[in-house]
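Each chain is listed here by its residues.
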Amino acid sequence: MILQDKMIVKAQRQIAQGIFEMRLTGKLVGEITSPGQFVHVRVADSFEPLLRRPISIASICNELNEMTIIYRAEGRGTTMLAKKREGDEVDVLGPLGNGFPVDETAPGETAILIGGGIGVPPLYELSKQLTAKGVKCVHVLGFQSADVAFYEEEFKQLGDTYIATVDGSLGTGGFVTNVMENLDEEFATYYSCGPMPMLNAVQTAYTGKKGFLSFEQRMGCGIGACFACVCQTTDQTDKAYIKVCSDGPVFPAGVVSI
Amino acid sequence: MILQDKMIVKAQRQIAQGIFEMRLTGKLVGEITSPGQFVHVRVADSFEPLLRRPISIASICNELNEMTIIYRAEGRGTTMLAKKREGDEVDVLGPLGNGFPVDETAPGETAILIGGGIGVPPLYELSKQLTAKGVKCVHVLGFQSADVAFYEEEFKQLGDTYIATVDGSLGTGGFVTNVMENLDEEFATYYSCGPMPMLNAVQTAYTGKKGFLSFEQRMGCGIGACFACVCQTTDQTDKAYIKVCSDGPVFPAGVVSI
Amino acid sequence: MNRLSIELPGLQLKNPIMPASGCFGFGKEYGNLYDLSQLGAIMIKATTLETRFGNPTPRVAETAAGMLNAIGLQNPGLQGVMEAELPWLEQFDVPIIANVAGTETADYVEVAKTISTAPNVKALELNISCPNVKCGGITFGTDPQQAHDLTAAVKAVSEVPVYVKLSPNVTDIKAIAKAVEEGGADGITMINTLVGMRLDQKTGRPIIANVTGGLSGPAVKPVAIRMVYEVSQVVNIPIIGMGGVSNAEDVIDFLSVGASAVAVGTANFVDPFVCPTIIEELPAKMDALGIEHITDLIGRSHRL
Amino acid sequence: MNRLSIELPGLQLKNPIMPASGCFGFGKEYGNLYDLSQLGAIMIKATTLETRFGNPTPRVAETAAGMLNAIGLQNPGLQGVMEAELPWLEQFDVPIIANVAGTETADYVEVAKTISTAPNVKALELNISCPNVKCGGITFGTDPQQAHDLTAAVKAVSEVPVYVKLSPNVTDIKAIAKAVEEGGADGITMINTLVGMRLDQKTGRPIIANVTGGLSGPAVKPVAIRMVYEVSQVVNIPIIGMGGVSNAEDVIDFLSVGASAVAVGTANFVDPFVCPTIIEELPAKMDALGIEHITDLIGRSHRL
Ligand SMILES: Cc1cc2nc3c(=O)[nH]c(=O)nc-3n(C[C@H](O)[C@H](O)[C@H](O)COP(=O)(O)OP(=O)(O)OC[C@H]3O[C@@H](n4cnc5c(N)ncnc54)[C@H](O)[C@@H]3O)c2cc1C
Ligand SMILES: Cc1cc2nc3c(=O)[nH]c(=O)nc-3n(C[C@H](O)[C@H](O)[C@H](O)COP(=O)(O)OP(=O)(O)OC[C@H]3O[C@@H](n4cnc5c(N)ncnc54)[C@H](O)[C@@H]3O)c2cc1C
Ligand SMILES: Cc1cc2nc3c(=O)[nH]c(=O)nc-3n(C[C@H](O)[C@H](O)[C@H](O)COP(=O)(O)O)c2cc1C
Ligand SMILES: Cc1cc2nc3c(=O)[nH]c(=O)nc-3n(C[C@H](O)[C@H](O)[C@H](O)COP(=O)(O)O)c2cc1C
Ligand code: FES
Ligand code: FES
């Protein structure tokens, strides 16, 4: 069920240049059903900024009733969010959308998780859940440069992790696709989240493979009512548009025309 | 000189129902020239609320480079201001306007200070400075009720202090004028700050006496540029309008037509 | 006795609060969050004759205390709304106001004729003010004669009272209001969005794919309040006011300047529970003002 | 070479930043805070033939990300401005744009004729868009023919180039812009304020004594940006853009949609040092965008 929860900040820290990790607690955590779902965050009690900010759920700890979000403090809203301190209240709407299907990969099989920039966070909870059920996860993470890269260690704990940076300051120079080319792993499924061009490249590189992609779109309501966040689908039927917020953000590869 | 100073909150506490006392430190303090001057406070870094809030300087401590403001958290801006904690930064413009003339009362003479509600704060610094130079101060302070009354003790330290509350829950029942009627004190000067009706009543009661009144008006710039805060003067000459922010907020009795 | 009830042409409102068209879809999503029967009414998303996919994305952009949208009237079309959306809404005890849009008069007339026969549609809201479609929409809303004629044409075929939604992007909104009243409108809803634009800082290009979008939210409230204040003095039909309503205070403001009910749009995105919250808070606010019945607030700015 | 310099009819601007009329008085107050010679230009408070005391108070009210004002063109009158204000401003190396207002054409003409002879007045800004005076002002700004004729009349007597300030309270601002261009305007300044209103929650009465006021500040920026974007495509005279400018990014937005310079109004009240701050920040912002000279930004929204 979707809740509007006044969550409490348990901790917030900067984990890379302009990248923040915030731990939140509240009953909303108990409603999360799959990795890749997101929350719609109101950063201030003011009318400016007005709209909520969609942020993926990066990891969940049901025991502590906590969840983690990881975001880039860039524009007006996220910059304000980064100022929150332990004990502050945050108005969070969620969990929203349909996440990554964990059961599409069977125990013993291998899954490749490809993330780019702020598309990396949701893959962490996904990898936790996949490895927990015995899936072998291989992570390919792309960043602009070393100083904005994060969670390399955390992912390594879960499986092989390859980093690509555009400026070559960490791992392979270039894009995630450069890493993918040299991966001779056999895999059953791939999961990906990141900027459109990256999703496009990944989908093309893995044509014919079973894959799931998480998309971004500017949002209004976040729950499917305003038609702001639509994507065009490949099959031009009556459902030529699907909503990222409520039909997605995760769709099987090939469904969304990129 | 007028400064735009990022002052630091040293302490903030609620001193009556909805009434807050905030201690601020910054170089602006060194620029204050007279009691009754005010500051123009930006309550948030957001565009909503947009405008600064004019608040009187209630007391100054040059040694500690600190000043105190006392305000009622009522509307949107002051409510946000009340949420500031020790260590927070506040964007303060000031000191602004012309305060109460201390030298209009000679040592040994008596001055009556009449304040109403949120008009009481500037009288505190005024009384401190008057008593310091040997003026006998008598304070007449009006409030709605006991629970919103403040600083009775502080004023008592400086001189005789009479309280009037509309509901009679503290001191004399009724208005400051009810107290004034029963004051047989001889006095040289009176100083007053409060709502228009009160200023009007005080001025009428003390017709012919030397007095100084501090006025309120909605403001834009706070420095005399926008013509938002004008008051009509009694003499309809070319200066038929005067600006509360830069010509005032304190004017000799009789100058402003109430 | 219900202190919040209001009667308007075709509408028995439990309270004056209703979600604004386009900000509430056809109710399903918010219906998952709370019981829609609490609402005074529901203004559903614009319905056009044919299915519309709307504009390319991005369709929204944030502005200071507001937002721009250029959805482009995406909707399943008359048939889809009649067969799927409206029947689903029948489970709730709430009157539906159907927002009708089109390109030519004929479209409006055909949609109005059919949709006004739906059992739960108690009134129509003629959208002659959508700034986000190439033709039709707003062109009707900026010319008094066209507004008059379209109103009359729709009025002639509608089975339920017709409210006309005015555009604020005009020099003299009073003239348009009087024209639609003469055209036979049973009521007026106002305001639709102000045409605005936001650029991407890096590229200098408009963020919204449609280039311009409709401005809504708290930023436009002062303009909406002023326009309702003006229009309520020159027409004798009721007004449903909207534009930046985010809380009970805003509702009281719109009623004070002469609106008989209030719609809430953008605020639903900021707080999905805003409508029930306002309905819950209104009585206390009325007590504070010494107001017995909500209707006592209507037009008090003019009276005092 | 100065990366920020811009040449406009009558104006050699060190940079494109100038305080907007009415938000900077006649410079004295801000002159106490910083050296006015840093500014690209100064648009002084509206000057009328006779001394004006303006409207009763309250004259301002805050709104979401904006403010309403109804000052009512308070000013010392032509003589006072000529004898006291303008001479005082001569100590600074900054061109003055004199905002001219009146009730009838004759007033505008007389003020323009005289004030345009002041040595430091390099251009006039015809205020045909003040929403806060009973007659004159905005009436000229909402009718293309009247706007055209007034422009021509003033142009005939002015010793310096004439810019006309447009009102956003119109259905088609392009028509007004074209009319004043045909009337001989050397440039356009836009936008003036949107007519709005705010109520006192307790009484339900308008806060502003004048009932309505002009809306300004960040809230109106999307409307201003859209209008400059539209007008810059239909006229060949330069535009000085304004409406909610609060920082260097906003300036870049206005230039991108086709303005050649930018005025800053309400933001001066929020941050009295905003103009010099923006001037200081612009070069770094230009570097980030790979922009060599400020003029390269002008109209990039259209080019790209
Ligand atoms: C489903 C989903 C999941 C996301 N998960 C994450 C995450 O885990 N970590 C993270 O850092 N970012 C994530 N994003 C992107 C994030 O929403 C934007 O970076 C953020 O909204 C920008 O807000 P701002 O205040 O920094 O920028 P501003 O410029 O102030 O934003 C202005 C408006 O544009 C919208 N906007 C701007 N950029 C984007 C964008 N890229 N996507 C969607 N809306 C945008 C904002 O929501 C706001 O409404 C996600 C986006 C979506 C749609
Ligand atoms: C010279 C001067 C000195 C003042 N000193 C004090 C003081 O020491 N303590 C104190 O509590 N109050 C003082 N006030 C009043 C104080 O400025 C207002 O109470 C405050 O601005 C209200 O802001 P808000 O956010 O609570 O209300 P909001 O309703 O959010 O205010 C909206 C707008 O209206 C303006 N406004 C509302 N009420 C007033 C008012 N009474 N006077 C001026 N502007 C107003 C606000 O500044 C703001 O621009 C003083 C006012 C002036 C002019
Ligand atoms: C995303 C969005 C979609 C809208 N769609 C419609 C629509 O389909 N028909 C219509 O008449 N108005 C539409 N509107 C305008 C609203 O109904 C309302 O008139 C306007 O937003 C002002 O109210 P607000 O400030 O409360 O949002 C839409 C507004 C928004 C924000
Ligand atoms: C307090 C105030 C007074 C104004 N006085 C005038 C004026 O005298 N003449 C004029 O042409 N515009 C006047 N304006 C309008 C501004 O010049 C400007 O066009 C408008 O405020 C939009 O810019 P902004 O959002 O940066 O304030 C005034 C605006 C304000 C806020
Ligand atoms: S954001 Fe409103 S439908 Fe997706
Ligand atoms: S507030 Fe601007 S002149 Fe006083």
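For every chain, the first residue of the written sequence is number 1, and numbering continues from 1 onward in sequence order. A letter from A marks each chain and a number from 1 marks each ligand, given out in the order of writing. With pLDDT at 70 or above as the cut-off, local features in this predicted model cover only qualifying residues; side-chain atom pairs require 80 or more to be listed or tallied, and sums for whole chains, interfaces and linings still use all residues. The basis for every side-chain value is the complete set of heavy atoms in the structure, and neither hydrogens nor water enter the calculation.

(A) Representation of the site of ligand 3 within the structure. Residue and element names in this part refer to chain C. Near is defined per residue: the residue qualifies when any heavy atom it owns lies within 4 Å of the molecule or strand. Looking at ligand 3, there are 22 residues lining it, with S21, K165, G217, G244 and T266 nearest. N99 is positioned such that a nitrogen or oxygen atom in its side chain is 3.0 Å from an oxygen atom of ligand 3. Distance and chemistry together define a polar contact, namely a pair of N or O atoms within 3.5 Å, with one atom able to donate a hydrogen and the other to accept it when in protein, and with adjacent residues in sequence counting only for side-chain atoms on both sides. In the environment of ligand 3, an oxygen atom lies 3.0 Å from a nitrogen or oxygen atom belonging to the backbone of G265. Areas reported here follow the Shrake-Rupley algorithm with a probe of radius 1.4 Å; residue values treat only the protein chains shown as occluding. For ligand 3, whose unbound accessible area comes to 600 Å², protein coverage reaches 98%.

(B) Structural detail: the site of ligand 1. Taken together, 20 residues lie around ligand 1, and R53, P54, G75, G77 and T78 of chain A are the ones closest in. This site is not confined to one chain, since residues near ligand 1 come from chains A and C. A distance of 2.9 Å is found between a nitrogen atom of ligand 1 and a side-chain nitrogen or oxygen belonging to S56 of chain A. Within the backbone of G75 of chain A, a nitrogen or oxygen atom sits 2.9 Å from an oxygen atom of ligand 1. Look at ligand 1: alone it shows 830 Å² of surface, and the protein chains cover 88% of it. Numbering goes from the N terminus for both helices and strands, where a helix is a DSSP run of H or I of at least four residues and a strand is a run of E of at least two. Those elements giving two or more residues to the shell around ligand 1 turn out to be β4 (53-56), β6 (66-72) and α1 (76-81) of chain A. If one sorts the elements of the shell around ligand 1 by residue count, β4 of chain A sits on top with four residues. Any residue outside Ala, Val, Leu, Ile, Met, Phe, Trp, Tyr, Cys, Pro, Asp, Glu, Lys and Arg is labelled polar, Gly included; the first ten of those are nonpolar and the last four are charged. Class assignment of the residues belonging to the shell around ligand 1 gives a composition of eight nonpolar, five polar and seven charged.

(C) Up close: the packing of helix α6 (residues 173-182) of chain D against helix α7 (residues 221-231) of chain D. Residue and element names in this part refer to chain D. Between N-to-C directions, angles span 0 to 180 degrees; the directions come from axes that are lines fitted to C-alpha atoms, helices contributing only their stretch in contact. Where α6 contacts α7, the two axes come as close as 9 Å, and the packing angle between them is 50°. Compared by their axis directions, α6 and α7 come out oblique. Between α6 and α7 lies a crossing whose hand is right-handed. Facing α6, whose interface residues are I173, K174 and A177, α7 presents M227, E230 and V231. Of the residues belonging to the contact of α6 with α7, the class tally is four nonpolar, no polar and two charged. In these notes the angle categories are as follows: under 35 degrees is roughly parallel, over 145 is roughly antiparallel, 65 to 115 is roughly perpendicular, and the rest is oblique. Two helices cross in a left-handed way if the nearer one is turned anticlockwise from the farther one by less than a right angle. They cross in a right-handed way if the turn is clockwise. We call two residues contacting when some pair of their heavy atoms lies within 4.5 Å.

(D) Broad picture of the UniProt feature "binding site: FMN" (unreviewed entry) in chain C. All names here are of chain C. In the UniProt entry, the feature "binding site: FMN" (unreviewed entry) is given for S21, K45, A46, N99, N127, K165, I191, G217, G243, G244, G265 and T266. Topologically, N127 is positioned in strand β8 (residues 121-127). Think of it in three bands: residues with accessible area under 20% of the maximum for their type are buried, residues over 50% are exposed, and the middle band is partly exposed, with areas taken using a 1.4 Å probe on protein chains only. On the basis of relative accessible area, N127 is assigned to the buried category, the value being 4%. Locating I191 in the fold gives a position in the loop between β10 (187-190) and β11 (194-196). Setting aside its immediate chain neighbours within four residues, I191 contacts K165, L166, P168, V220, A224, M227 and M242. UniProt positions are given in the numbering used here, feature names are shortened, and annotations may be inferred rather than shown by experiment.

(E) Summary view of the interface of chain C and chain D. The interface is formed by 38 residues belonging to chain C together with 38 residues belonging to chain D. Summing the contributions of chain C and of chain D, the shared interface buries around 3100 Å²; its carbon and sulfur component is 61%. Every case where a carboxyl oxygen of Asp or Glu lies within 4 Å of a side-chain nitrogen of Lys or Arg is listed as a salt bridge. The interface formed by chain C and chain D holds zero salt bridges in total. Inspection of the chain C/chain D interface yields 17 residue pairs in polar contact (both at pLDDT 80 or more). Take the accessible area each of two parts loses on contact, using a 1.4 Å probe, and add the two losses: that sum is the buried area.

(F) Spotlight on the relation of the copies chain C and chain D. The fit set for superposing copies consists of C-alpha atoms from residues with pLDDT of at least 70 in both; the fit itself is least squares. Mapping chain C onto chain D calls for a rotation angle of 180° and an axial translation of 0.0 Å; the resulting RMSD is 0.0 Å. What we have between these two chains is a two-fold relation. Here 100% of the interface residues in chain C have copies in chain D that are interface residues too; the copies meet face to matching face.

(G) Inspection of the packing of aromatic side chains at higher detail. The aromatic pairing rule takes the rings of Phe, Tyr and Trp, using the six-membered ring of Trp, and pairs them if the centres are within 6.5 Å, calling planes under 30 degrees apart stacked, those over 60 edge-to-face and the rest tilted. Within this structure, the stated rule accounts for 30 aromatic pairs over all chains. Their ring planes at 80° and their centres at 5.0 Å tell us that Y124 of chain B and Y151 of chain B sit as a pair that is edge-to-face. A residue pair is termed long-range when its members are at least 10 positions apart, and Y124 of chain B in helix α2 (residues 121-132) and Y151 of chain B in the loop between β9 (136-143) and α3 (152-158) qualify at 27 residues. Accessibility classification places Y124 of chain B together with Y151 of chain B in one group, the buried group. One aromatic cluster is present, formed by Y124, F143, F150, Y151 and F155 of chain A through successive ring pairs. Two conditions define a charge located above a ring, namely a distance within 6 Å from the ring centre to NZ of Lys or CZ of Arg, and an angle within 35 degrees of the ring normal. A cation over a ring is seen here: K209 of chain B above F187 of chain B, with NZ or CZ 4.4 Å from the ring centre. R59 of chain C extends its terminal NZ or CZ atom over the ring of Y241 of chain A, reaching a point 5.0 Å from the ring centre.

(H) View of the UniProt feature "binding site: substrate" (unreviewed entry) in chain C. All names here are of chain C. Residues annotated by UniProt as "binding site: substrate" (unreviewed entry) correspond here to K45, N69, A70, I71, G72, L73, N127, N192 and T193. In this fold, L73 is placed in the loop between β6 (66-69) and α2 (77-89). When its relative accessible area of 6% is taken as the criterion, L73 is described as buried. As for its position among the elements, T193 is in the loop between β10 and β11. For T193, a relative accessible area of 9% puts it in the buried group. With residues near it in sequence (within four places) discarded, T193 still touches N69, P131, P168, N169, G214, L215 and S216.

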